[in-house]
Amino acid sequence: MMSRLPARFPPHQSFKLIRICLESGDLQRALYLLDKVPEPDLRTWTIVISAHIQHGFHKKAIEIYATLLGRNIKPDKLLLLSASKACAASGDVVKAREIHNDAIRFGFNRDLLLGNALIAMYGKCKYVDGAKRAFDDIVVKDVVSWTSMASCYVNCGMFRQGVMAFREMGSDGIRPNSLTVSSILPAFADLKELKLGREIHGFVLRNGMEGNLYVSSALVNMYASCASLRQARLVFDNMSQRDIVSWNVILTAYFLNKECENGLALFYQMRKAGIELNHASWNAVISGCLQNGQNELALDTFNKMQDSGFKPNQITIVTLLPACTNLENLRGGREIHGFVFRHSFIEDTTITTALVLLYARCGDLEHSREVFNMMPTKDVVAWNTMILANSMHGNGEESLMLFHKMVDLGIKPNSVTFIGVLSGCSHSKLADKGLQIFNSMTSEYAIKPDEDHYSCMVNVLSRAGRLEQAHEFIQKMPVEPIASAWGALLGACTVYENVELARIAAGRLFEIDPDNPANYVLLSNILFTAKMWVEASETRKMMRDKGLGKTPGRSWVQNVEQEEREETLCSHSERLAVAFGILNSSGKSSIPVFNNLRICGDCHNTIKLIAKIVDMQIIVRDSLRFHHFRDGYCSCRDFL
């Protein structure tokens, strides 16, 4: 309980008592004392705000500053300096603008020290316009002013403007220091400006900055980003001192340049040498494995990370979930979901969006919906993911419903949104609605369709049986039709037995994508069905002459061991996988089966019959989409 204080006591004594409390870390008592002082001087307010910043209570520091203004107290330069640091740490751009306006109102905006702090504050808040305004108000700029402005551009992703500011700095006669160099090098890295980066490296060597840890680490990153890994390693090897950040930079560089084995070897070296790893080290390896297609190795590294005593953080989870998605590892995804729930990461939009995709790709659309519906906030990526999830499961109507709901909520659709919606329209044969959505891209949302959107539209028309309209659409496309457009038409010709258009589509595919055996197989099957035996045989011979072979069919049931998966490597493997799933269903109401090829008509009809006999839902994911079999019917409406 707070001890009672005299109603009034001298200001110098109050300052002394408050400072003692602050030095001991008792911020609550310091605020209590501050409240009891009738007229605290500016020095007292400043040390209280500064102490809160030092202890990480940035928002509270801003609140104290607001209390001061509420008492009609005019802040001085030092007080505004402390308030700007609090805003920089909190990243609150609204409060940052208020403090800047206060600096202007009280006549301190042209002060060099405060002006530099305001630029740095806006840089942390990623608000370039405010930083430029503060920068322009400074009459005589120093190296800190220019460095802060260039750094603000870089932090906001405006790399070319950052480079321009760096050049103007030299023209203004200001010599860059080591902080300037380490701040601007990421711009050269992102722009892949190797030549200019080398010039900066020369400047570093001429001015003896190579011993600076931050400069050297930034140089390593620049060379690695410009695909000059040998030079990156040379800089790293010549560093007089290294911290974990510099080790992580070169580690990431190997994975970035597709040298996964060297990256793993370096990581092993780091562990063997006793380098004190951090979360960033483990996350770099997990991410690197994923980027190089080593999904199982990413999961194995994650297990080793936990064995080493590291708890996964949000970045780890975001990095790891795609590995489970790519492997269609529903069991592993569920375990990560449980970890996310237990550690209150469920409000992280990026993580929950990744979970939505994971469940959808693993055939569990119901859980995908549940995660999506529980999300407290949904950005355009989350909406796109849920739309795509429904599309891949053949729920075109629900994809459209989600699209309209998203727009009604004020979320602006982007290019990816329309890929998802059009895909849903194609799987559900919603040709007219698909045309309406496609036309709205330019008329309502000012989005110019690209070749992928046109290909989706061809697929919409083709699946609905409008083959002539689809062919005409391809011919009128303002962009060069890609393989997927002609492939959609060829696939539809298989279902609707249109030999003439099949020949046209296949002929174009043989030119655009000559090494894809699926195109030859599809045309051959169409010709065989039409009893054109000679032409069908010639098509197969063309395929053999090119040395192309049909990809072996491979099917597996969700979460079975690798040895069991290998047993299903044979013709019509879906049937064996379904049989295996039924035998091991253990009372489950559905069986998820995955296949690497497009499901054939025989297997499709057989699985419809099996689903009716065993009274179970059988979910089969082929190379194109998910098929939901129940009661003798399939969600694809027999369009394979």
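Source: prediction; values computed, not measured.

Conventions adopted
- Residues numbered from 1 in each chain as written.
- Predicted model: local features only at pLDDT ≥ 70, side-chain atom pairs only at ≥ 80, totals over all residues.
- Heavy atoms only, no water.
- Salt bridge = Lys/Arg side-chain N within 4 Å of Asp/Glu carboxyl O.
- Helix = DSSP H or I, 4+ residues; strand = E, 2+ residues; numbered from the N terminus.
- Buried < 20%, exposed > 50% of the residue type's maximum accessible area, 1.4 Å probe, protein only.
- UniProt positions renumbered as here; feature names shortened; annotations may be inferred.
- Expected span 1.5 Å × (residues − 1).
- Arc of directions from axis to C-beta.
- Phe/Tyr/Trp six-rings, centres within 6.5 Å; stacked < 30°, edge-to-face > 60°.
- Lys NZ or Arg CZ within 6 Å of the ring centre and 35° of its normal.
- Pairing = 2+ DSSP bridges.
- Contact = heavy atoms within 4.5 Å.
- Polar contact = N/O pair within 3.5 Å; in protein donor to acceptor, adjacent residues only side chain to side chain.
- Axes fitted to C-alpha atoms, helices over the stretch in contact; angles between N-to-C directions.
- Parallel < 35°, antiparallel > 145°, perpendicular 65-115°, else oblique.
- Left-handed = near helix turned anticlockwise from the far one by under 90°.
- Nonpolar A, V, L, I, M, F, W, Y, C, P; charged D, E, K, R; others polar.
- Disulfide = S-S within 2.5 Å.

S.K.: I would appreciate a short explanation of the pattern of salt bridges in the present structure.
M.R.: Where side chains of opposite charge bring their charged atoms close, a pairing between them can arise. Evaluation of the coordinates by the stated rule reveals 20 salt bridges. Here Arg105 makes a salt bridge to Asp102, at a shortest N to O gap of 2.7 Å. Of this pair, Arg105 and Asp102 are both found in helix H6 (residues 93–105), 3 residues apart, which corresponds to roughly one turn of the helix. Since its relative accessible area comes to 56%, Arg105 is described here as exposed. For Asp102, a relative accessible area of 6% puts it in the buried group. Here Arg503 ties to Glu535 by a salt bridge, and the two come within 2.8 Å at their closest N and O atoms. Here the residue Arg503 occupies a position in helix H30 (residues 499–512), and Glu535 occupies one in helix H32 (residues 533–545), the gap between them amounting to 32 residues.

S.K.: Teacher, can you tell me more about the UniProt feature "repeat: PPR" (unreviewed entry) in the protein here?
M.R.: UniProt feature "repeat: PPR" (unreviewed entry): in the numbering of this structure it lies at residues 41–75, 142–176, 243–277, 278–312, 379–413 and 450–484. Note that residues 278–312 is 74% helix and 0% strand, and that its end C-alpha atoms are spaced 11 Å apart.

S.K.: Is there a simple way to explain helix H4 (residues 58–70) in this structure?
M.R.: Every α-helical turn comprises 3.6 residues, leaving residues that sit three or four positions apart pointing alike. For H4, with 13 residues, the first-to-last C-alpha span of 19 Å sits near the 18 Å given by 1.5 Å per residue. Those residues of H4 that fall on the buried side of the exposure criterion are Ala61, Ile62, Ile64, Tyr65 and Leu68. Each buried residue of H4 lies within a common arc of 155° when the element is viewed along its axis, so the set occupies one face. Opposite its buried face, H4 presents the exposed residues Lys59 and Gly70, each directed more than 90 degrees away. With its phi angle positive at about 60°, Asn72 sits one or two positions after the end of H4.

S.K.: I tried to follow the packing of aromatic side chains on my own but got confused; where do I start?
M.R.: Given two aromatic rings, their pairing is described by the distance between the two centres and the angle made by the two planes. With the rule as written, the count across this model stands at 16 aromatic pairs. Note on Tyr122 and Tyr127: the rings are 5.6 Å apart at their centroids and 50° apart in plane angle, and the pair reads as tilted. Classification of Tyr122 by relative accessible area gives buried; the value is 1%. An aromatic cluster of three or more residues is present, and its members are Phe267, Trp282 and Phe310. The ring of Phe135 has Lys141 sitting right over it, with the charged end atom 4.9 Å from the ring centre. The ring of Phe236 is capped by Arg242, whose NZ or CZ atom sits 4.6 Å from the centre of that ring.

S.K.: Honestly, the environment of Arg342 in this entry has me stumped. Any pointers?
M.R.: Within the element layout of this structure, Arg342 appears in helix H20 (residues 330–342). Among the residues examined, Arg342 registers a relative accessible area of 58% and is labelled exposed.

S.K.: Sorry if this is basic, but what is going on with the pairing of strand S4 (residues 626–630) here?
M.R.: Remark: a regular strand shows side chains that alternate across the two faces of the sheet. Burial analysis of S4 places 4 of its 5 residues in the buried class, which makes it a mostly covered element. Here 4 bridges tie strand S3 (residues 617–621) to S4, and the two strands are oriented antiparallel to one another. If you follow Ile619 over to S4, its bridge partner there is His628. Across 2 bridges, S4 lies against strand S5 (residues 633–634) in antiparallel orientation. The residue bridging Arg630 from the neighbouring strand is Tyr633, located in S5. Connecting S4 to the next strand, S5, in antiparallel fashion are 2 residues, including Asp631 with a positive phi near 55°.

S.K.: I would appreciate a short explanation of the pairing of S3 in the present structure.
M.R.: Burial analysis of S3 places 5 of its 5 residues in the buried class, which makes it a mostly covered element. Here S3 shows no split at all, with Gln617, Ile619 and Arg621 on one side and Ile618 and Val620 on the other all buried. Across 5 bridges, the pairing between strand S2 (residues 590–595) and S3 is parallel. From the neighbouring strand, Pro592 faces S3, where its bridge partner is Ile619.

S.K.: Would you explain unusual backbone geometry in this entry?
M.R.: What is expected of a backbone is that most residues other than glycine have negative phi and most peptide bonds are trans. In this structure, Asn72 takes a positive phi of about 60° despite not being glycine. Here Asn72 is to be found in the loop between H4 and helix H5 (77–90).

S.K.: Help me out: how do you make sense of helix H9 (residues 143–155) in this one?
M.R.: For H9, built from 13 residues, the straight-helix expectation of 18 Å at 1.5 Å per residue is met to within 8% by its first-to-last C-alpha distance of 18 Å. Most of H9 sits inside the fold, with 10 of its 13 residues counted as buried. On its buried face, H9 is in contact with helix H7 (112–125), helix H8 (128–137), helix H10 (159–171) and helix H11 (178–191). At the N-terminal boundary of H9, the capping side chain belongs to Asp142, with an oxygen 3.1 Å from the backbone nitrogen of Val144. Of the residues flanking the end of H9, it is Gly157, one or two places downstream, whose phi is positive at about 75°.

S.K.: I keep staring at the side chain of Asn109 and nothing clicks. Help me out?
M.R.: Note on placement: Asn109 falls in the loop between H6 and H7. Within the structure, the side chain of Asn109 is placed 3.3 Å from the side chain of Asp137, a separation counted as a polar contact. Ignoring anything within four residues of it in the chain, the contact list for Asn109 reads Ala103, Ile104 and Asp137.

S.K.: Just to check I follow, could you spell out the packing of H6 against H7 for this structure?
M.R.: When two helices pack together, their arrangement is given by the angle between the helix axes and by the axis-to-axis distance. One way to put it is that H6 packs onto H7 with a least axis distance of 10 Å and a crossing angle of 165°. One finds that H6 runs roughly antiparallel with respect to H7. The handedness of the crossing between H6 and H7 is left-handed. Contacts between H6 and H7 involve Val93, Ala96, Arg97, Ile99, His100 and Ala103 on the former and, on the latter, Leu114, Leu118, Met121, Tyr122 and Cys125. Broken down by class, the residue content of the contact of H6 with H7 amounts to 9 nonpolar, 1 polar and 1 charged.

S.K.: Can you help me understand the state of the cysteines in this one?
M.R.: Cysteine pairs can be covalently joined through their sulfur atoms, and such a bond is termed a disulfide. Counted by the stated rule, this structure contains 0 disulfides. With no disulfide of its own, Cys289 lies closest to Cys260 among cysteine sulfurs, the gap being 4.8 Å.

S.K.: Explain the environment of His100 here, please?
M.R.: Examined against the element boundaries, His100 turns out to sit in helix H6. Taking relative accessible area as the criterion, His100 reaches 0% and is therefore assigned buried. For the pair formed by His100 and Ser84, sequence separation is 16 residues and the distance between their alpha carbons is 8.2 Å. Residues in contact with His100, not counting those within four places in the same chain, are Leu118, Tyr122, Gly130, Arg133, Ala134 and Asp137. Within the structure, His100 has its side chain in polar contact with the side chain of Tyr122 (distance 2.9 Å).

S.K.: Is there a simple way to think about the packing of helix H25 (residues 415–427) against helix H27 (residues 451–463) in this case?
M.R.: With their axes 8 Å apart at the nearest point, H25 and H27 run at an angle of 15° to one another. Put simply, H25 runs roughly parallel to H27. The handedness of the crossing between H25 and H27 comes out as left-handed. Residue-level contacts link Ser415, Phe418, Ile419, Leu422, Cys425, Ser426 and His427 of H25 to Asp452, His453, Cys456, Met457, Asn459, Val460 and Arg463 of H27. Split by residue class, the contact of H25 with H27 holds 7 nonpolar, 5 polar and 2 charged.

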